[in-house]
Each structure stands twice: as C-alpha cells, then as structure tokens.
Amino acid sequence: MRRGGSHSVYNFSSGPAALPAPVMQRARDEFLNFAGTRLSIVETGHRTGAFSAVVAQADADMRALLGLGDDYAVIFLQGGATLQFLMTALNLARDGQHCAYLDTGYWSGKAIATAREVRPVDVVASGAAGGYTQVPSADAWQSFDAAAYLHYTPNETIDGLEFDFVPDTGKVPLVADMSSTILSRPIPVERFGLIYAGAQKNLGPAGLAVVIVRRDLAERAAADVPSQLTYRAHIAAGSLLNTPPTFTWWLVGMTLAWVREQGGLEEMDRRAIARSRIVYAAIDESGGFYVNRINRAQRSRMNIPFGISDDRLESHFLAAAEEAGLKQLAGHRSKGGLRASLYNAMPVAGAEALAAFMRDFAKRNG
Ligand SMILES: *Cc1c(COP(=O)(O)O)cnc(C)c1O
C-alpha cells in the first residue's frame with residue numbers, strides 16, 4: 001500500500017493486519033461526517049437509522065460473498081475468535097456429548113484447551129509429532145460419529161499450515177475457525193455448521209468476530225448455558241445485545257464492500273495464489289538460504305513463516321526490511337523466525353517487493 005512519501009510501505013502483520021487502502025482513505029474522509037450526519041461514527045448511537053444501515057449492509061454483503069441462505073444467521077460479536085473457542089463448545093454440545101477436534105497447530109491447540117474447560121473433548125488426530133508441518137491424513141483420524149461437531153482450523157496462522165480440503169463429516173456438523181482465511185477463497189458453505197473469524201486479519205480492525213451459524217444449531221444450547229453466551233440470544237438481539245464497537249463494524253462493512261467491488265472471492269483466491277507463489281518461490285529458489293518446513297501442498301497462502309538457515313541473520317533481515325518499507329515481518333513470539341502475512345488487502349506488488357528484497361538480501365549475505 002502506498003502511504004505518502006516517495007516509496008511504498010507494505011504491512012505484513014499477522015493481525016491486526018493491513019486494510020485495503022481505499023477503505024482507510026474513505027474512513028479518513030468520512031470520519032467527521034458519517035453518512036452525511038455531520039457527526040462522527042464514533043459519536044453516533046448504535047440504534048440510529050444511520051448505524052442500522054451499516055449493520056444491514058454488512059450482513060447483506062457477507063451473505064452475498066459467501067452465498068449464504070436464510071438457514072444461516074450472521075452474528076457480529078465482541079470477544080474475538082477466542083470467545084468463540086468457548087461459545088462453540090457451550091452451544092453445540094449438550095447432555096454429555098463429546099466434541100471432536102483436529103489438532104493441527106497453535107490455534108487449534110488453544111481451541112481444544114478452551115473447549116476442555118467446559119465439555120468433554122476428543123482429539124481425533126494431531127500433527128504434533130510431526131511439528132505441525134502437515135495435516136494428518138483423513139484415513140488416520142479416529143471416528144467421531146457421535147460427536148456434537150468436528151472443529152478444525154483451516155489455516156493455522158502461526159504455523160503456516162492450510163488445509164487443502166474440507167473435512168468430510170457426514171451428518172456431524174463441521175465447525176471452522178476461519179480467522180485468517182475467511183473470504184480468501186470460495187468455500188462450499190453448505191458443508192459447514194458454524195464458521196467463526198476474528199475481524200483483524202481479513203475483515204477489518206480488531207474488536208469484532210463474525211459467526212456464521214446454521215440456525216438449527218444456534219438453537220441447540222442447553223437451558224443452563226447463560227443467555228449472554230448463547231447464539232440464540234445474540235441472533236434475537238440482532239447482534240446488539242450491548243453496545244457494539246461501532247467504528248470497527250463500520251470498517252468491516254467497508255472492507256466487505258471493497259471485496260465485492262474487487263470481484264469477490266474468486267478474485268481474492270486468484271490474488272492469494274499469486275502472492276503466495278511469489279514469496280514461496282523466493283524461499284525455494286534461495287538454495288537453502290531461507291527455509292519453510294511445511295508440506296508443500298498444504299503451505300498457507302495467507303501466512304508464510306520462514307527462517308534463515310543462519311538464524312543470526314534474522315535480526316539484520318528485519319531491520320533491513322523495515323528500512324525498505326517492508327513492515328512487521330517478525331515471527332510469532334512463541335516461534336521466533338520470520339513470517340509474512342499476505343491477507344486480502346496485500347497487493348500482489350507487496351509480495352513482489354518482498355521477494356525482490358529477499359533475493360537481494362540472500363545475495364548480499366549468502
Ligand atoms: C488470530 C487468531 C485467533 C485469535 O483471535 P482473537 O480475535 O485474538 O481471539 C484465533 N484463531 C486463529 C486461526 C487466528 O488466526
């Protein structure tokens with residue numbers, strides 16, 4: 001993204017992440033005059049007509065992008081993806097039912113640990129022994145026919161591992177944490193019982209999570225689940241059970257509109273493939289200077305963790321990249337190394353700039 005000055009700045013943050021430049025420019029231009037009201041969005045009531053229009057449009061755009069029918073509800077909630085680790089288990093499993101999980105990396109591990117606080121959990125397959133470098137093959141998963149649902153993380157944001165298939169669960173509802181992959185490709189939405197995502201990667205700034213849930217599943221919560229933690233209460237309240245983060249919601253709405261204007265999920269998919277190929281090529285063609293250990297068919301298109309084989313060079317790499325306007329390339333604090341996140345808002349030119357920098361850095365330091 002171009003931001004003033006004489007050269008471009010590209011933001012590779014894993015989240016809160018880069019937003020489309022036109023969205024931020026519009027937010028700046030309309031900040032003091034929201035929807036022609038001569039008030040700012042941040043001082044406008046959440047039950048006004050002007051804000052209700054934002055809510056309705058965001059709902060309509062999300063439905064259009066994913067091709068959602070009336071049998072799905074779209075909810076915007078606070079508490080991030082993390083609260084959804086809890087709410088999915090509380091709402092979907094009742095009467096001693098077990099919940100089935102695929103353990104494929106850092107975030108599925110967090111989801112499992114949280115669900116275990118409230119419900120019996122079966123981990124039906126784990127990639128831990130292989131260092132989470134590939135998705136355990138579906139033939140080796142334990143059976144989960146009696147489970148309340150199967151939960152998986154289609155894109156492991158920190159590990160850089162992305163499923164190259166949608167799990168087949170038969171009649172068992174499929175639940176997906178799509179925080180770092182939502183709206184980056186078309187999906188067969190009818191195969192999912194529930195999808196959730198924190199906003200701050202592909203949807204907007206931090207402060208909201210979106211939950212897309214089949215209405216019959218949203219009704220499942222047992223009577224002893226506190227109502228504030230039930231999907232049905234949030235659906236009944238139109239996601240306005242309490243004061244929402246109106247500013248975030250406004251930007252999420254603009255981001256959804258931007259995705260539609262750009263050509264929808266097919267176009268996001270095309271760009272994701274283009275960007276990630278460019279960066280993986282710079283790793284693979286470096287003669288071992290850069291390393292990424294993920295199974296090739298399941299390398300993430302959104303988050304590319306990599307290292308330098310001589311890891312003493314990594315801090316030098318980060319400083320030089322920063323100097324070149326390539327920002328926030330440090331790996332997750334739990335893992336170290338480097339990571340390039342390439343969400344929807346990252347232009348293909350950003351991936352090209354990073355790859356060129358990497359080649360040059362390797363030449364000078366190899
Ligand atoms: C970022 C992320 C989370 C955590 O999201 P919060 O909104 O901070 O709770 C959970 N799951 C995945 C896959 C993520 O990428």
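Our subject is the structure that appears above.
Figured I'd write up the structure that's included with this text.

Some thoughts on the overall build of the chain
So, step 1. The helix and strand inventory of the chain stands at ten helices and 14 strands.
So, step 2. Taking 2.2 N^0.38 as the reference for a compact globule, 366 residues should give roughly 21 Å; the C-alpha atoms of the chain span a radius of gyration of 21 Å, in line with that estimate.
So, step 3. With respect to the principal axes defined by its C-alpha atoms, the chain has extents near 65 × 60 × 30 Å.
So, step 4. Of all 366 residues assigned to the chain, the portion counted as buried reaches 55%.
So, step 5. Within the chain, counting contacts between residues at least 6 apart in sequence, those at least 24 apart form 66% of the total.
So, step 6. Accessible area for the chain stands at about 15400 Å²; split by element, carbon and sulfur atoms hold 51% of it.

Concerning the site of the ligand
So, step 1. Close to the ligand lie 13 residues, the nearest being Thr82, Thr157, Asp177, Gln200 and Lys201.
So, step 2. Here an oxygen atom of the ligand sits 3.1 Å away from a polar atom, N or O, in the main chain of Ala81.
So, step 3. Here an oxygen atom of the ligand and a side-chain polar atom of Lys201 are 2.7 Å apart.
So, step 4. In isolation the ligand has 390 Å² of accessible area, and contact with the protein removes 87% of it.
So, step 5. Each residue belonging to the shell around the ligand can be placed in one class, and the counts come to three nonpolar, eight polar and two charged.

Here we look at the nonpolar core
So, step 1. Ranked by size, the top nonpolar core spans 55 residues in total, and within it Met62, Ile182, Leu183, Val210 and Ile212 carry the most contacts.
So, step 2. Ranked by size, the runner-up nonpolar core spans 27 residues in total, among them Tyr280, Tyr290, Leu338 and Phe361.

Things to note about the pattern of salt bridges
So, step 1. Inspection of every chain in the model, using the stated rule, returns 17 salt bridges.
So, step 2. Among the salt bridges present, the one from Asp59 reaches Arg63, with a minimum N-O distance of 3.0 Å. Placement of both Asp59 and Arg63 in helix 2 (residues 49–66) is noted, with a separation of four residues, approximately one turn of the helix.
So, step 3. Classification of Asp59 by relative accessible area gives partly exposed; the value is 23%.

The rules behind these values
Residues numbered from 1 in each chain as written. Predicted model: local features only at pLDDT ≥ 70, side-chain atom pairs only at ≥ 80, totals over all residues. Heavy atoms only, no water. Helix = DSSP H or I, 4+ residues; strand = E, 2+ residues; numbered from the N terminus. Rg over C-alpha atoms; globule rule 2.2 N^0.38 Å. Buried < 20%, exposed > 50% of the residue type's maximum accessible area, 1.4 Å probe, protein only. Contact = heavy atoms within 4.5 Å. Areas by Shrake-Rupley, 256 points an atom, 1.4 Å probe, with all protein chains shown as cover. Near = heavy atom within 4 Å. Polar contact = N/O pair within 3.5 Å; in protein donor to acceptor, adjacent residues only side chain to side chain. Nonpolar A, V, L, I, M, F, W, Y, C, P; charged D, E, K, R; others polar. Core = buried A, V, L, I, M, F, W, Y, C linked by side-chain atoms within 4.5 Å. Salt bridge = Lys/Arg side-chain N within 4 Å of Asp/Glu carboxyl O.

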